Structures are given as structure tokens and as C-alpha cells.
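Tertiary structure, described
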Amino acid sequence: MFSVSMLFFSFCFLDLSLYWSIIMTANITETLGDEVLVSANDLAAIKNAGVFVLIGLVIVFGVVGNSLTFVYYGFKEKKTITTLLVTVLALNDLMCSLAMIDHIIIMRYLIRYFSELGCQLTYVINHFLVLNSIILLNPIGMERCLRVCTLNPNYQVTKPKAMFMIGSVAFYSFVMAIRHFVIVGIEEMDIVVSANLTVVGHVCSLRQETQYATAIDVFHIMDIAGFVLTNIFLAFAYGLMAKKIGLVRSKIGAYPIATTAAASHSGNMSLTVEGSNASATGSGTSKSVKLCRRRNNQERKINIMLGTITLSSLLSFLPYFYVVILVKPQASPGAYTYSPLVQAGWRSFMLNSSINPYIIGFFNTNFRTFVINLFPCIRKTQSLNIRAT
């Protein structure tokens with residue numbers, strides 16, 4: 001966990017250095033910029049005020065929620081493969097939420113952005129972390145599916161296997177992200193200020209030259225294909241788990257069964273139940289059935305939680321893909337300055353890294369208790385409500 005924490009702080013230092021270089025570049029060029037362009041940029045910022053507020057709220061909720069999730073599953077919860085994967089996902093989403101600050105800088109200097117390296121690094125870092133967040137759902141779904149559907153130890157995800165999958169995901173995301181060093185840069189675009197006045201703006205954007213068009217379209221198709229395949233795989237995995245748990249529940253009502261814990265209990269996170277015939281009678285049978293039902297309900301709740309995270313990820317990306325594929329703001333300079341709705345839809349993917357902790361909190365009672373205990377005012381209010389009832 002120490003190495004993971006060092007990685008996190010190293011990334012924060014890199015990201016803050018990037019922000020500082022962007023801000024310094026913007027401030028230097030502001031004194032040299034054309035007054036008309038400055039005014040047009042300020043008007044664009046005012047028109048997108050609602051988008052600024054939305055991005056700020058998403059960042060704050062993402063940083064707070066993922067910080068709590070990282071601390072809880074990384075240091076408080078009992079160590080299992082599931083908690084390891086959830087901890088890595090929370091850490092990645094925390095860094096992703098912090099990295100989203102650069103979107104505020106880009107929007108503030110929407111048509112007066114002069115740092116090409118800052119633009120490219122923004123795209124690379126954001127793509128790497130967002131893609132990580134999506135693909136990390138695959139090993140989580142696989143681990144849960146194997147844990148629920150089979151007790152064969154040869155098929156279970158061990159820690160070395162989990163670390164290999166995490167490393168593979170990071171490597172793939174990095175390879176897919178570095179393309180932005182080639183296809184992204186500062187583009188000069190004609191910005192219509194009034195009916196008789198047009199100024200040249202500098203926009204952080206995908207390259208507009210025709211030689212990049214095919215490559216950009218191919219990369220977009222690859223992104224969409226990977227996203228669709230991920231969701232198909234996860235839907236299949238959670239379908240198998242639902243079927244398995246349904247069979248176990250039907251056996252509970254049909255005859256007495258014995259339960260076998262295939263994994264260490266970790267609050268609401270990792271436990272597997274296996275149903276089998278057993279010769280149990282009297283109170284022993286009743287206790288066994290009740291225990292199996294309780295554990296089966298825990299498994300069902302965990303799978304619903306992770307399935308909800310997957311569904312929320314899908315929904316958060318739909319506006320983004322709609323804007324990129326159908327609206328195509330990159331080919332329309334006016335979209336940068338005069339369409340807040342397009343700006344918000346273009347950044348809908350930011351929700352993917354911010355809402356996961358709140359889904360976990362809704363389903364995981366132990367996590368909610370941990371959060372409440374951190375804030376005395378919430379704990380006091382909850383105690384008063386309990387007394388009142």
C-alpha cells in the first residue's frame with residue numbers, strides 16, 4: 001500500500017506542475033493577446049458558467065467520495081482480492097477526479113489556449129485514467145463471477161493474478177492514451193465575434209488537418225468498440241452470477257443445505273456460498289438455512305452494487321459518445337464558445353469517476369458507518385433521529 005500511496009503523490013505533483021505551467025503560459029500570453037479575442041474568450045467563459053459549476057461539483061464529489069473509499073477499502077476493510085481491486089479503482093478514480101481540474105483551465109482559456117504540451121498532457125492523462133476506470137471493471141467482474149460460480153481454487157483470482165491484470169490494464173490504457181501526443185495540439189480557428197468581425201482563436205483540440213481525420217475516426221471506433229465489449233462481458237458475467245445465486249436460493253427452499261465459505265468474510269464485500277445436500281435436522285438445519293440465506297443475500301447485494309456501478313458507467317458515457325459521433329464539435333469552432341450543452345455533454349464521462357463511491361455507500365452498510373463515524377455532526381444527527389423514532 002505504501003508504493004500505491006507514493007504513486008498517488010507522484011501523480012499529484014506531476015498534475016499540479018502541469019496546471020502551474022498552463023496557468024503561467026496563459027497569464028503571459030494574456031498581456032500579448034488581442035483585446036477583441038480576450039473579450040470573446042471572457043464572454044465564452046460567462047456563457048459556460050453553468051458548465052464550470054457542474055465540473056467543479058463533479059470534481060469535489062469525486063475527490064471526497066473516492067478518498068473515503070480508498071481509505072476504507074485500503075486500510076480499514078479486511079484484505080481480499082475484491083477489496084484490492086476496489087481499492088485500486090478508487091485510487092484511479094481519485095486521481096481522475098483531480099486531473100479533471102485541467103478541464104476548468106481549458107474552458108477558462110477556451111479560445112486563448114497557447115500551451116501545446118499542456119494540451120497534449122491533458123488529453124493523455126485524462127484518457128489514461130478514464131480508460132483505466134472503465135477497464136478495471138473487467139477484472140472486478142471476472143473475480144466476482146469466478147468466486148460465485150466455482151469453488152475450484154485453480155480458477156480463482158489470486159493476488160499475483162490480480163496484480164498482473166491491474167498492470168495489463170494500465171499498460172493498455174497508456175498505449176491507447178499516448179496517441180494524443182500526435183493527434184492533439186493547438187489549432188487556430190476563426191471565431192465569429194459579430195456579424196462583421198472574426199478573430200483567430202487558439203483552441204486545444206484534435207488536429208484539424210485532413211491527414212489526421214482517418215486516424216482520429218479509427219481511434220474513436222476503437223474506443224467505442226472497447227467500451228461496448230467491456231459492457232457485454234460484464235453483462236454476461238453478472239448474468240451468470242445472478243443465475244447461480246438464483247439456483248442457490250431455490251435450493252434453500254427445496255431442502256436443507258450446508259454452506260461452505262469459499263472466501264474470507266470482509267464486511268459486505270467478498271463471500272461465496274455453495275449449496276449441497278446435507279443430513280441436518282432440528283435447530284441445526286434451521287440455523288444452516290438462515291445462515292445460507294443471509295450469505296446468499298449478501299452475495300446478491302454485492303453483485304447488484306457492482307452491476308449498478310457498471311450500468312452507471314455506461315450511462316455516463318452516452319452523452320459523450322453522442323456529442324463526439326453526431327454533434328462533432330471538433331469540426332465546428334462555434335461549439336467551443338456558444339454551446340454550454342455541448343460542453344457539458346462532451347464532459348459527461350467525468351461522472352464515471354465520481355459516482356462510484358456513492359453507489360458503494362448506498363449498498364454497503366459498513367462503509368456508510370465508517371463515513372458517519374468520521375463526521376461527528378452526522379453521527380449526532382443520526383443518533384437523534386434514532387431516539388426520535
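Preceding block: the structure.
The notes below deal with the structure included here. Quick caveat, the model's predicted, so the values are computed rather than measured.

1. Concerning the overall build of the protein chain
Helices and strands together make up the secondary structure of the protein chain, namely 16 helices and two strands. Counting all 389 residues of the protein chain, 48% fall into the buried class. Residue pairs in contact within the protein chain that sit at least 24 positions apart in sequence constitute 78% of those at least 6 positions apart. Summed over all atoms, the accessible surface of the protein chain reaches about 19000 Å², with 69% contributed by carbon and sulfur.

2. What about the pattern of salt bridges?
According to the stated counting rule, one finds five salt bridges in the structure shown. A salt bridge links Arg207 to Glu116, with the nearest nitrogen and oxygen atoms 2.8 Å apart. On the criterion of sequence distance, the pair formed by Arg207 in the loop between strand S2 (197-206) and helix H10 (210-254) and Glu116 in helix H6 (residues 116-135) is long-range, its members being 91 residues apart. Owing to a relative accessible area of 16%, Arg207 belongs among the buried residues under this scheme. Under the relative-accessibility criterion, Glu116 is labelled partly exposed at 32%. Between Glu187 and Arg207 there is a salt bridge, with the nearest N and O atoms lying 3.6 Å from each other. One end of the pair, Glu187, is in strand S1 (residues 184-194); the other, Arg207, is in the loop between S2 and H10, with 20 residues separating them in the sequence. On the accessibility criterion, Glu187 (8% relative accessible area) is buried.

3. Description of the nonpolar core
Counting residues in each nonpolar core, the largest one holds 35 residues, and the members touching the most others are Leu85, Leu136, Met305, Leu306, Ile309, Ile360 and Phe367. For Ile309, the contacting residues outside a window of four places in its chain are Leu137, Asn356, Ile359 and Ile360. Core analysis: the next-biggest nonpolar cluster, separate from the first, contains 30 residues, Val58, Phe70, Ala90 and Val342 among them.

4. Description of the state of the cysteines
Summed over the entire model, instances satisfying the criterion amount to one disulfide. Across a sulfur-sulfur distance of 2.0 Å, Cys119 and Cys204 are joined as a disulfide pair. Its torsion about the S-S bond being 85°, the disulfide of Cys119 and Cys204 is classed as right-handed. Taken together, the positions of Cys119 in helix H6 and Cys204 in strand S2 put the pair 85 residues apart, joining distant regions of the chain. By relative accessible area, which is 0% here, Cys119 ends up buried. The closest cysteine sulfur to the non-disulfide-bonded Cys149 is located on Cys145, 4.0 Å from its own sulfur.

5. Comments concerning the environment of Ser348
Of note, Ser348 is situated in the loop between helix H13 (340-346) and helix H14 (356-363). Along the primary structure Ser348 and Val323 are separated by 25 residues, whereas in three dimensions their C-alpha atoms are 9.9 Å apart. Not counting residues up to four positions away in its chain, the partners in contact with Ser348 are Ser316, Phe317, Pro319 and Tyr320.

6. Remarks on the environment of Ile59
Residue position: Ile59 is located in helix H3 (residues 49-76). Spatially, the C-alpha atoms of Ile59 and Leu94 are 9.2 Å apart, while their sequence positions differ by 35 residues. Ignoring any residue separated from it by four or fewer positions in sequence, one finds Ile59 in contact with Ser97, Met100, Ile101, Ile104 and Met350.

7. Examining the packing of aromatic side chains
Enumeration over the complete set of coordinates arrives at 15 aromatic pairs. Measuring from centroid to centroid gives 5.2 Å for Tyr72 and Phe370, while their planes differ by 45°, and the two rings are tilted. You can see Tyr72 sitting in helix H3 and its partner Phe370 sitting in helix H15 (residues 365-374), a full 298 residues away along the chain. Centre to centre, the rings of Phe362 and Phe363 are 5.1 Å apart; their planes meet at 85°, and the pair counts as edge-to-face. With a relative accessible area of 60%, Phe362 lands in the exposed category. For the cation-ring pair, Arg108 lies above Tyr109, with the distance from its terminal atom to the ring centre recorded as 5.4 Å.

8. Some remarks on the pairing of S2
By the criterion of burial, S2 is predominantly enclosed, with seven of the ten residues buried. Of the strand pairs in this sheet, S1 and S2 are connected by ten bridges, and their pairing is antiparallel. Each bridged residue has a counterpart across the sheet, and for Ser194 the counterpart in S2 is Leu197.

So, how was this worked out
Residues numbered from 1 in each chain as written. Predicted model: local features only at pLDDT ≥ 70, side-chain atom pairs only at ≥ 80, totals over all residues. Heavy atoms only, no water. Helix = DSSP H or I, 4+ residues; strand = E, 2+ residues; numbered from the N terminus. Buried < 20%, exposed > 50% of the residue type's maximum accessible area, 1.4 Å probe, protein only. Contact = heavy atoms within 4.5 Å. Areas by Shrake-Rupley, 256 points an atom, 1.4 Å probe, with all protein chains shown as cover. Salt bridge = Lys/Arg side-chain N within 4 Å of Asp/Glu carboxyl O. Core = buried A, V, L, I, M, F, W, Y, C linked by side-chain atoms within 4.5 Å. Disulfide = S-S within 2.5 Å. Phe/Tyr/Trp six-rings, centres within 6.5 Å; stacked < 30°, edge-to-face > 60°. Lys NZ or Arg CZ within 6 Å of the ring centre and 35° of its normal. Pairing = 2+ DSSP bridges.

In short, the description is geometric, and any link to function would need to be established separately.
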